[in-house]
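Tertiary structure, described
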Amino acid sequence: MRRVVTGVVLAILTCSANGWMTAAASAAAPSRPNIVYIMADELGYFELSCLGNPHLKTPRLDQMAAEGMRFTSALAGSSVCAPTRCCFLTGKHSGHTSVRSNGGGTPLRAEEETIASLLKTAGYATGGFGKWGCGGRGSTGVPEKHGFDVFLGYYDQVHAHSYYPPYIVRNSEEVPLANNRGGSDGETYSHYVIVDAAKQFIRDHKDEPFFCYMPITPPHGIFDIPDDDPAWAIYRDEPWPEQARRYAAMVSMVDRQVGEVLDLLRDLGLEENTLVFFSGDNGGADYFSNKEHPRGIHGANVNPKTGVEYRGKKGNLYEGGLRIPMIARWPGRIAPGQVSDLLWYFPDVLPTVTELAGVAMPDDIDGLSIVPELLGESAAGRPQPTHDYLYWELGGQTAIRMGDIKAIHPGNKRGWELYDLAADPSEQHDLAADRPELLAKLTVAAEAAHTPVEEGVFFDTEIHERDRRAKFGGKDPNGMPAKVEVMPEEGLLPRKRLSIHSFSSEASGNSRLAVHTIDGNPRTHWHTAYSPEVLKHPHELVIDLGGEATVRGLRYLARQDNGWNGALAAVEVAVASSPDGFGEPVAKTTFTKRKQSQELLFAPVHGRYLRLRVLSEVNGGPWASIAELGVVGEPEPK
Ligand SMILES: [Ca+2]
Ligand SMILES: [Ca+2]
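Below, the structure is looked at part by part.

Procedures and definitions
- Residues numbered from 1 in each chain as written.
- Chains lettered and ligands numbered in written order.
- Predicted model: local features only at pLDDT ≥ 70, side-chain atom pairs only at ≥ 80, totals over all residues.
- Heavy atoms only, no water.
- Helix = DSSP H or I, 4+ residues; strand = E, 2+ residues; numbered from the N terminus.
- Rg over C-alpha atoms; globule rule 2.2 N^0.38 Å.
- Buried < 20%, exposed > 50% of the residue type's maximum accessible area, 1.4 Å probe, protein only.
- Contact = heavy atoms within 4.5 Å.
- Areas by Shrake-Rupley, 256 points an atom, 1.4 Å probe, with all protein chains shown as cover.
- Donors = N, O, S within 2.8 Å, 3.2 Å for Na, K, Ca; no water.
- Salt bridge = Lys/Arg side-chain N within 4 Å of Asp/Glu carboxyl O.
- Pairing = 2+ DSSP bridges.
- Axes fitted to C-alpha atoms, helices over the stretch in contact; angles between N-to-C directions.
- Disulfide = S-S within 2.5 Å.
- 1 Å grid on protein atoms, 1.4 Å probe; cavity = no way out; pocket = protein on both sides within 12 Å on 5 of 7 lines; lining within 4 Å.
- Points joined across faces, edges and corners; volume = space filled by probe spheres on them.
- Nonpolar A, V, L, I, M, F, W, Y, C, P; charged D, E, K, R; others polar.
- Tetrahedral: all angles 85-135°; square planar, octahedral: opposite > 155°, others 65-115°.
- Core = buried A, V, L, I, M, F, W, Y, C linked by side-chain atoms within 4.5 Å.
- Phe/Tyr/Trp six-rings, centres within 6.5 Å; stacked < 30°, edge-to-face > 60°.
- Lys NZ or Arg CZ within 6 Å of the ring centre and 35° of its normal.
- Parallel < 35°, antiparallel > 145°, perpendicular 65-115°, else oblique.
- Left-handed = near helix turned anticlockwise from the far one by under 90°.

1. Quick word on the overall build of the chain
Summing up its helical and strand segments, the chain has 14 helices and 25 strands in all. Relative to its length of 638 residues, the chain is compact, with a C-alpha radius of gyration of 26 Å against a globular reference of 26 Å. Taken over the C-alpha atoms alone, the chain extends approximately 100 × 60 × 50 Å along its principal axes. Here the chain, with 638 residues, has 61% of them falling under the buried criterion. Partitioning the intrachain contacts of the chain with sequence separation of at least 6 by distance along the chain shows that 71% fall at a separation of at least 24. Accessible area for the chain stands at about 24000 Å²; split by element, carbon and sulfur atoms hold 52% of it.

2. Quick look at the coordination of the calcium ion (ligand 2)
The coordination sphere of the calcium ion (ligand 2) contains the protein donors His516 (O), Asp519 (OD), Asn521 (O), Thr524 (O), Thr524 (OG1), Ala627 (O) and Glu628 (OE), at a distance range of 2.2 to 2.7 Å. Sequence positions of the donors to the calcium ion (ligand 2) reduce to the motif H-x2-D-x1-N-x2-T-x102-A-E.

3. A word on the pattern of salt bridges
All told, the structure shown has 44 salt bridges when counted by the stated rule. Put simply, Arg295 and Asp286 hold a salt bridge, and the shortest N to O gap is 2.7 Å. A relative accessible area of 10% places Asp286 in the buried class. By sharing partners, the salt bridges in this structure join Glu319, Arg323, Arg401, Asp404, Lys406 and Glu427 into a single network.

4. Details of the sheet that holds strand β15 (residues 397-402)
Reading across the sheet, the 4 strands line up as β14-β15-β16-β17 and stay open at both edges, with antiparallel pairing between neighbours. Both outer strands of the open sheet, β14 (390-394) and β17 (417-420), are each paired with one neighbouring strand and no more. The mean inter-strand angle of the sheet, taken between neighbouring strand axes irrespective of direction, is 15°. Where β14 lies against β15, 5 bridges are found, and the strand directions are antiparallel. Its bridge partner lying in β15, Tyr391 is registered against Ile400. On the sheet, helix α13 (residues 436-449) packs against β14, β15, β16 (405-409) and β17 and is oriented at approximately 115° with respect to β15.

5. What about the state of the cysteines?
Summed over all chains, the structure comprises 0 disulfides. As a non-bridged cysteine, Cys86 has Cys134 as the owner of its nearest cysteine sulfur, 4.7 Å distant. Using a relative accessible area of 0% as the deciding quantity, one classes Cys134 as buried.

6. With respect to empty space enclosed by the protein
Across all of its chains, the model carries 3 cavities of 30 Å³ or more by this definition. Approximately 290 Å³ is the volume attributed to the largest cavity. Around the largest cavity sit 25 residues that line it, and His464, Arg468, Arg559, Gly563 and Asn565 are the ones nearest its centre. A volume near 50 Å³ is recorded for the second largest cavity. If you go around the second largest cavity, the residues you meet are Glu47, Tyr247, Ala285, Asp286, Tyr287, Phe288, Arg295, Gly296, His298, Gly299 and Ala300.

7. Focus on helix α10 (residues 349-357)
Burial analysis of α10 places 8 of its 9 residues in the buried class, which makes it a mostly covered element. If you check which residues of α10 are buried, you get Val349, Leu350, Pro351, Thr352, Val353, Thr354, Leu356 and Ala357. Buried residues in α10 make contact with β2 (34-39), α4 (81-90), α5 (115-120), β10 (274-279), β13 (344-345) and α11 (371-375). Gly358, located one to two residues past α10, shows a positive phi value of around 75°.

8. Observations concerning the layout of surface pockets
The calculated volume of the largest pocket comes to roughly 1100 Å³. Around the largest pocket, the lining comprises 48 residues; the ones closest to its centre are Leu394, Gly395, Gly396, Val618 and Asn619. Where the lining of the largest pocket is concerned, the elements lending two or more residues are β14, β15 and α13. In terms of residue class, the lining of the largest pocket is built from 14 nonpolar, 26 polar and 8 charged.

9. Structural notes on unusual backbone geometry
For the peptide bond that leads from Gly221 to Ile222, omega is 5°, which places it in the cis range. Here Ile222 shows up in the loop between β9 (210-214) and α7 (230-235). Between His537 and the following residue, Pro538, the backbone shows a cis peptide bond with an omega angle of 0°. When you line up the elements, Pro538 lands in the loop between β19 (526-527) and β20 (539-557). One non-glycine residue, Asn179, lies in the positive phi region at around 60°. Along the chain, the position of Asn179 falls in the loop between β8 (173-176) and α6 (190-204).

10. Remarks on the coordination of the calcium ion (ligand 1)
Donor atoms from the polypeptide that coordinate the calcium ion (ligand 1) comprise Asp41 (OD), Glu42 (OE), Cys81 (SG), Asp281 (OD), Asp281 (OD) and Asn282 (OD1), at 2.2 to 2.8 Å from the metal. One way to put it: the 6 donor atoms around the calcium ion (ligand 1) meet at angles of 50 to 161°, and that makes the site irregular. Residue Asp281 is classed as buried on the basis of its relative accessible area of 0%.

11. Overview of the nonpolar core
Generally speaking, a soluble globular protein has its nonpolar side chains buried in company with each other. One finds Val36, Ile202, Phe210, Cys212 and Phe278 to be the most contacted residues of the largest nonpolar core, which totals 57 residues. Ranked by the residues each element gives to this core, the list is headed by helix α8 (residues 242-267), at 13 residues. Residues in contact with Cys212, not counting those within four places in the same chain, are Ile35, Val36, Tyr37, Gly127, Phe129, Ala198, Phe201 and Ile202. Counting 54 residues, the second-largest nonpolar core is a separate cluster that includes Cys86, Tyr124, Val169 and Met326.

12. Focus: the packing of aromatic side chains
Applying the stated criterion across every chain yields a total of 29 aromatic pairs. Aromatic pair Phe46 and Tyr310: ring centres 5.5 Å apart, planes at 20°, arrangement stacked. Here Tyr310 lies in the loop between β10 and α9 (319-322) and Phe46 lies in the loop between β2 and α3 (59-67), a separation of 264 residues in the sequence. When sorted by exposure, Phe46 lands in the same class as Tyr310, which is buried. For the cation-ring pair, Arg246 lies above Trp232, with the distance from its terminal atom to the ring centre recorded as 3.8 Å.

13. Focus: the packing of α3 against α8
Interhelical geometry of α3 versus α8 gives an angle of 50° and a closest axis separation of 7 Å. In this view, α3 runs oblique relative to α8, as classed from their interaxial angle. Every residue of α8 that contacts α3 at Pro59, Arg60, Leu61 and Met64 is listed here: Asp255, Val258, Gly259, Leu262 and Asp263.

14. Description of the packing of α6 against α8
Remark: α6 packs on α8, axes separated minimally by 10 Å, with the N-to-C direction vectors making an angle of 15°. Our classification of the angle between α6 and α8 gives roughly parallel. Considering the relative orientation of α6 and α8, their crossing is right-handed. On α8, the residues that touch His191, Tyr192, Val195, Lys199, Ile202 and Arg203 of α6 are Met253, Arg256, Gln257, Glu260, Val261, Leu264 and Leu265. Counted by class, the contact of α6 with α8 contains 7 nonpolar, 2 polar and 4 charged residues.

Quick look at the structure:
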């Protein structure tokens, strides 16, 4: 029996048993409940006071949990912002989603269904308020093209780093915020505007079914909260660094605002027809760690009652990256005071809410409805199904879980690890060597779960770049850092000899041209065209060396701005004496994700033309980009 009802709440249940049973008996009937989903950005599993956190005060969330169901084994779709939101919105795991990189604006494909587009077909009003992260402006991924009547907030995640940007975005139009200059500099705290709009959306649609999605930005950094917010007074005098106090205040501000939404639903008489979820978006980040608190001052991944830790944190696929707080509340339908250890994750939200709305779900999703767990199996009329496996991939890392058994490949050169989370929740005892057959069962399933990523596309990157600059008040063109890496010239053919003979495509619309690979300027780069026909590897460049040369290698510098979009992974090089005389490649390599220049050296070959073929990209996307290329070698004497 999975569900645990505490003794205290059992008494309440008994008192109101008749009323409860009546409500439960009709639960399976389609009633199109309102759905409110509040997703905090970066709230760790152990950062609720009901879980014993010694610092953070979350009375309204604790109360919400006491009035509904709290989950101990609900997991994020991914361990960073954009990929996890894509799993949430599409009902797919990260081996099938279109947004697997966390660049900030990577788009959904044009045709993809989301929770909102599906609920729309059942007549729901659909609103989103907060951080989208599944497609920048000017792309196929914008929320208003994926089922949202309205989305107000940040489309790009870099934009979302500032609570004081000059503007936020509503249905791709800019909404100015008075007297804001980016960063922490301004007078209009964006998050207040966003929460107010969400509450107004609920009021405006109280007489029809609605989906109110609130992927709010706090407590993600920059850690800003106005000094006159009541939550600041709670922590202002604590003996922690200011950032840790600001973070704590942001958590309590979110807690208060969740309470305001619940109060609003009550005041509007909507409580009993509204299912409200609250969760984090990815595992805790161990913020503000120091010698005394190696896992962060507030201990997002440390059980304050037992000291047991979740390994890892935001950004990796150990439990610390995936564990999130999760609460569901629906008075009259979800019995109060329950703690569920059902193992589920973000892809399950879509089939759950579409079932409640009476909408047929797409057949290509990976999620399972948790309606039987929420409402009770008798109300749902069937037992709660469980996953054969849960799957995650992120930037070279892979993890798969079957029940309590989890296999993880942490990326880089390390191999697969295997853990029994029932006995070893901290993932300390690697069973891979002892249980090769069990490991093989999981890795075979993991291999089958992965499909190559197919991202959406941008039609106009300039407005997207403008949103990214807005983080800094618009001052920082192209998100280019003040200091960039420079490619060493030593051992290279003189740059003035080189010219671009040909290239597969270039993004001429925003001036990311093939010639930028050899202009000696690390701030300019080549990017392949964004048009769908050419968005496939291989991409290629042919460089004319200006005469016969001995070629010993290739030097490569990745783009130096904030995006990794297109940075090279697998490449091959061929050299020939004529541009149509290339034979087999002379060398292949896979470059890694670093801003410093990287080199591919090979046995000397002779020729006048060098062809670089790009076979893959560091984030698995379909593009290619290069800031600088150099050819290692020397001219041959005439
Ligand atoms: Ca996040
Ligand atoms: Ca350049």
